[in-house]
Amino acid sequence: MAEKTGNLTHTQKAGMISRRRLLQAASAFLCLPVIPRMAHAASVLAVRTWPAEEYTRVTLELDSELKAEHFTLDNPHRMVVDIQGLNMNAALEKLVRDVRPNDPYIKAIRVGQNRPDVVRMVLDLKQQIAPQVFTLKPIGDYQYRLVLDLYPTVAQDPILALLQSSPDKLEGEDPLAKIIESLGQNNTQIATAPTTPSAASPKTTPKVTPKAPVQQASAPRAAPARSGQKRILTIAIDPGHGGEDPGAIGKGGTREKDVVLAIAKRLKSRIDATPGMRAYLTRDGDYFVPLHVRVDKARRVKADLFVSVHADAFVRPTAGGSSVYVLSDRGASSTAASWLAKKENAADLIGGINLGATNKSVAQVLLNMSTAAQIKDSKKVGRSLLANLETVYRLHKPNVEQAGFAVLKAPDIPSVLVETAFISNPKEEKLLRDPKHQDRFASAIHQGISSFYRANPHLALAK
């Protein structure tokens, strides 16, 4: 039997002491400071490169947002990017292999662990550049993105591109010929540098972008202007989406950006072969072009008509047929038109626009300037296109639809958006992939444009 001390046995006293010590240990544990865990290094989910004459884009898709610092070096030309919170992995090594021989700007990419949690990318360049580096929040199927845009120090000018693609069409009473002639006479630089933040040198302050060699156009002299003389019509063809923005994707994996570019190129060939007409593509490869830049390009070449080519998609796979849309300044003509306009206007967010380099005030003025006359002429073009599209395939709706498409908001150019077919419809997806049907769609659009100008010959006359 346990020996008693006072009213408590030795066993009871030992139990109380043990419980007291346990409580003291628990209290001490609760008072300890909370030490945060070391941040987990971000993972690179994918890397992509989009080389083009206008600019090359390099995209790193990540599972978290990271900061990056960059600077450029000369002799030889290089761009250095330090990415914080990142460790080397297989995806980054893939980026080294992804550089294409025909990339106009990147010769090679070297990647290595510069210091703990900092990866350094060195881009060996073929020419001097004006870089833009920015991040994008998750949207659609994309997670966080770090974007490197490599622009030339002297931006490509749409007029020069059009002149090079169709020099034989530069003649007579032609507003474009007048511009080219003036530029040639005054020995003026055609292109201007893009609006871009200056690159910082490794030592100090922002560095002044060096002057690039002057580019000149040796253009033929234009004939004297005569009122009433027939002039060359410029048709701006706008293949939707591109680059980071694939557009709609069919069940069979067909991407809208690919099929509409193929149709647009076929349409361009037909227009260029038509006397009195020439075509200009706002995008001639697989790269992203912001919506407002597409409009700016059309205005720069003084386009008489703007045709944006797309392939529709809807939640129901049975939806099908061709449609034509124009701008509306009073709301959409249907719920479906409103839904489509919102989807197409989101292209900038998916494609990845650098909001820091966008002149928002100018863009907003442009969006608000669209006139009733532009919409009226656009409807006429749209009806002519529908009449011809119906001869090669069925229509989704027999009337021209209207909605607030950002890409149709050039205030001085009749503008239409053609949804050739529904890529979400398995049958129509096959049609869109077929070169013969691509040519039929291009032919119908070409005939619709030609019919419109035949019915309105005064629009092809010099003023």
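Student: Break down the pattern of salt bridges for me, with residues and values.
Tutor: In the structure shown here, the tally under the stated rule is 21 salt bridges. A salt bridge links D98 to K94; the shortest N-O distance between them is 2.7 Å. Across the pair D304 and R231 runs a salt bridge whose closest N-O atoms are separated by 2.8 Å. Taken together, the positions of D304 in the loop between helix 6 (291-300) and strand 13 (305-312) and R231 in the loop between helix 4 (175-185) and strand 11 (233-239) put the pair 73 residues apart, joining distant regions of the chain. Judged by relative accessible area, which is 15%, D304 ranks as buried. The exposure class of R231 is buried, given its relative accessible area of 14%.

Student: With reference to specific residues and values, describe the packing of aromatic side chains.
Tutor: With the rule as written, the count across this model stands at five aromatic pairs. Among the aromatic residues, ring-to-ring pairing joins Y55, Y151 and Y287 into one connected group.

Student: Before we move on, can you summarise the environment of V118 with the specific residues and values?
Tutor: Residue position: V118 is located in strand 8 (residues 118-125). Between the C-alpha atom of V118 and that of Q84, which follows or precedes it by 34 residues, the distance is 4.6 Å. Residues within four places of V118 in sequence aside, it is in contact with D82, I83, Q84, L86, G112 and Q113.

Student: A description of unusual backbone geometry should follow, citing residues and the corresponding values.
Tutor: Going from N75 to P76, the amide bond is cis rather than trans, its omega being 0 degrees. Relative to the helices and strands, P76 resides in the loop between strand 5 (68-73) and strand 6 (78-84). Unusually for a residue other than glycine, N75 sits at a positive phi of about 50 degrees. Looking at the element boundaries, N75 is found in the loop between strand 5 and strand 6. For H241, which is not glycine, the phi torsion reads 65 degrees and is therefore positive.

Student: Account for helix 10 (residues 372-392), with residues named and values stated.
Tutor: For helix 10, spanning 21 residues, the distance from its first C-alpha to its last is 31 Å, which sits close to the expected 30 Å at 1.5 Å a residue. Of all the positions in helix 10, only Q374, I375, S378, V381, G382, S384, L385, L386, N388 and L389 are classed as buried. Against strand 13, strand 14 (323-327), strand 15 (401-403), strand 16 (415-422) and helix 12 (435-455) lie the buried residues of helix 10.

Student: Run through the sheet that holds strand 12 (residues 277-281), naming residues and quoting values.
Tutor: The six strands are arranged 12-11-13-16-14-15 in an open sheet whose pairing can be described as mixed. Edge strands, defined here as strands with exactly one partner in the open sheet, are strand 12 and strand 15. Each adjacent strand pair in this sheet contributes to an overall mean axis angle of 30 degrees, direction not counted. Here three bridges tie strand 14 to strand 16, and the two strands are oriented antiparallel to one another. From the neighbouring strand, Y325 faces strand 16, where its bridge partner is L417.

Student: Break down the nonpolar core for me, citing the residues and quoting the values.
Tutor: Grouped together as the largest cluster of nonpolar side chains are 41 residues, with contacts concentrated most on V307 and I449. For this core, the element with the highest residue contribution is helix 12, accounting for seven residues. Ignoring sequence-local partners within four residues, the contact set of I449 consists of I235, I271, M277, L305, V307 and L385. With 27 residues, the next largest nonpolar core counts V58, A91, I109 and L146 among its residues.

Student: Please provide a residue-by-residue account of the sheet that holds strand 5, values included.
Tutor: The strand order 5-6-8-7 describes an open sheet built from four strands, whose pairing is antiparallel. Only two strands of the sheet have a single partner each, and these edge strands are strand 5 and strand 7 (106-115). Strand-to-strand, the axes of this sheet are offset by a mean angle of 15 degrees, without reference to chain direction. Note that strand 5 and strand 6 share six bridges and pair antiparallel. By the bridge assignment for strand 6, A68 is matched with I83. Helix 2 (residues 90-97) contacts strand 7 and strand 8 of the sheet and is inclined by roughly 155 degrees relative to strand 7.

Student: Give a description of the packing of helix 11 (residues 426-433) against helix 12 that names residues and reports values.
Tutor: Describing two packed helices takes the angle between their axes plus the distance from one axis to the other. Packing of helix 11 against helix 12 leaves a shortest axis separation of 5 Å and a crossing angle of 85 degrees. When the axes of helix 11 and helix 12 are compared, the pair comes out roughly perpendicular. Facing helix 11, whose interface residues are L431, L432 and R433, helix 12 presents P435, H437, Q438 and F441. Here the residues of the contact of helix 11 with helix 12 are counted per class, giving four nonpolar, two polar and one charged.

Parameters and conventions
Residues numbered from 1 in each chain as written. Predicted model: local features only at pLDDT ≥ 70, side-chain atom pairs only at ≥ 80, totals over all residues. Heavy atoms only, no water. Salt bridge = Lys/Arg side-chain N within 4 Å of Asp/Glu carboxyl O. Helix = DSSP H or I, 4+ residues; strand = E, 2+ residues; numbered from the N terminus. Buried < 20%, exposed > 50% of the residue type's maximum accessible area, 1.4 Å probe, protein only. Phe/Tyr/Trp six-rings, centres within 6.5 Å; stacked < 30°, edge-to-face > 60°. Contact = heavy atoms within 4.5 Å. Expected span 1.5 Å × (residues − 1). Pairing = 2+ DSSP bridges. Axes fitted to C-alpha atoms, helices over the stretch in contact; angles between N-to-C directions. Core = buried A, V, L, I, M, F, W, Y, C linked by side-chain atoms within 4.5 Å. Parallel < 35°, antiparallel > 145°, perpendicular 65-115°, else oblique. Nonpolar A, V, L, I, M, F, W, Y, C, P; charged D, E, K, R; others polar.

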